[in-house]
Amino acid sequence: ITSSTTALAIWVVSTIICFKCNPLRDSFSSLAAVGVGAFFLFHFIINISMVLGVFPVVGVPLSFISYGGTHMVTALSCIGIVVAVERKRHLSTTSF
């Protein structure tokens, strides 16, 4: 039960970080961050629903936990986009 709680906490934190990038001046960056958050949230909801038996079992992997080479590359690329958006937000608010 501890590992499932930890996985749920990681997903909640990562989704909050993705949706927290929303108030940016650049609309493309905010839409990209929200899109990545929605991508991870959608995969999480579908996978948990399959485990609980609510949805039929399909081939949607749980990011960073389930095995899937192409999905892992896609998920890491999406995290890279969010990190770049977050870095841009911090650089635009910080004055040197």
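Residues numbered from 1 in each chain as written. Predicted model: local features only at pLDDT ≥ 70, side-chain atom pairs only at ≥ 80, totals over all residues. Heavy atoms only, no water.

### Points about the nonpolar core
Move 1: One finds Trp11, Cys18, Val36, Phe40, Phe44, Leu62, Ala75, Cys78 and Val82 forming the largest nonpolar core, which totals 9 residues.
Move 2: Elements that contribute at least two residues to this core include exactly α1 (2–20), α2 (27–52) and α3 (69–93).
Move 3: When near neighbours in sequence (up to four residues on either side) are disregarded, Leu62 contacts Trp11, His43, Phe44 and Asn47. (Core = buried A, V, L, I, M, F, W, Y, C linked by side-chain atoms within 4.5 Å. Buried < 20%, exposed > 50% of the residue type's maximum accessible area, 1.4 Å probe, protein only. Helix = DSSP H or I, 4+ residues; strand = E, 2+ residues; numbered from the N terminus. Contact = heavy atoms within 4.5 Å.)

### Concerning the packing of α1 against α2
Move 1: Put simply, α1 and α2 touch, their axes get as near as 7 Å, and they point 155 degrees apart. On the basis of their axis angle, the class for α1 and α2 is roughly antiparallel. Crossing handedness for the pair α1 and α2: left-handed. On α2, the residues touching Leu8, Trp11, Thr15, Cys18 and Phe19 of α1 are Ala33, Val34, Val36, Gly37, Ala38, Phe40, Leu41 and Phe44. (Axes fitted to C-alpha atoms, helices over the stretch in contact; angles between N-to-C directions. Parallel < 35°, antiparallel > 145°, perpendicular 65-115°, else oblique. Left-handed = near helix turned anticlockwise from the far one by under 90°.)

### Quick notes on the side chain of His71
Move 1: Within the element layout of this structure, His71 appears in helix α3.
Move 2: With relative accessibility at 14%, the residue His71 sits in the buried group.
Move 3: Beyond its immediate stretch of four places on either side in the chain, His71 contacts Phe39, His43, Pro61 and Ser63.

### What to know about the environment of Gly59
Move 1: In this structure, Gly59 sits in the loop between α2 and α3.
Move 2: Remark: the alpha-carbon pair of Gly59 and Asn47, spanning 12 residues in sequence, is separated by 9.0 Å.

In short, shape yes, function no, at least from these values alone.
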